[in-house]
Amino acid sequence: MPGDTRPPTVRADVLALVGLNDQEISRLSGRVAVLRRQGYSLADAEQIADRLLVRDRTGSDMRACVECARLIGRRCAGGEMVGPPHELRRCARFAARSG
Ligand code: SF4
């Protein structure tokens, strides 16, 4: 609006990505690289990694299937329904990937 001197509103998810420290940059880059090797496009990999970073920063205990050792390709070896790659969930069968 002309004449409006208020700063633009910044979405909370964008604000959560401001001021990445070295550890976060490293983790973000690592996740993008892993996701790219899993076959996700760069845009999708960045979106998923950004969501995981926001999750880390907010201290949520939710996880994504792409972080789970039971995810083989696009299927769950634990017999659960796999969510979209960017979806965070609380799954009782989640098993963290090593490395
Ligand atoms: S066990 Fe749960 S978190 Fe892991 S891949 Fe299956 S549905 Fe996803």
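Above this note sits the structure.
A few words now on the site of the ligand. Around the ligand, a shell composed of R63, C65, C68, R70, L71, C76, G78, E80, V82, C91, R93 and F94 is seen. Class assignment for the residues of the shell around the ligand results in seven nonpolar, one polar and four charged.

Before going further, it helps to examine helix α3 (residues 42-58). Its 17 residues place the ends of α3 24 Å apart at the C-alpha level, agreeing with the 24 Å of an ideal helix rising 1.5 Å per residue. Within the span of α3, buried status applies to A45, I48, A49 and L52. One face of α3 carries all of its buried residues, which in axial projection span an arc of 95°. Structural note: α3 exposes A43, R57 and T58 on the side pointing more than 90 degrees away from its buried face. Each element contacted by the buried residues of α3 is listed here: α2 (22-37) and β1 (63-64). G59, located one to two residues past α3, shows a positive phi value of around 75°.

Before going further, it helps to examine α2. For α2, which comprises 16 residues, the first-to-last C-alpha distance of 23 Å matches the rise-based estimate of 22 Å (1.5 Å per residue) to within 8%. Taken from the residues just after α2, G39 is the one with a positive phi, measuring 105°.

Now for the environment of I72. Residue placement: I72 occurs in strand β2 (residues 71-72). Residue classification places I72 among the exposed residues on the basis of 11 C-beta atoms within 10 Å. The sequence separation of I72 and Q38 amounts to 34 residues, and the corresponding C-alpha distance is 9.9 Å.

This next bit is on the environment of G30. Secondary-structure assignment places G30 in helix α2. For G30 and A49, which are 19 residues apart along the polypeptide, the C-alpha to C-alpha distance reads 9.0 Å.

Cut-offs applied
Residues numbered from 1 in each chain as written. Predicted model: local features only at pLDDT ≥ 70, side-chain atom pairs only at ≥ 80, totals over all residues. Near = placed C-beta within 6 Å. Nonpolar A, V, L, I, M, F, W, Y, C, P; charged D, E, K, R; others polar. Helix = DSSP H or I, 4+ residues; strand = E, 2+ residues; numbered from the N terminus. Expected span 1.5 Å × (residues − 1). Buried ≥ 20, exposed ≤ 12 C-beta atoms within 10 Å, placed from the backbone. Arc of directions from axis to C-beta. Contact = placed C-beta atoms within 7 Å.

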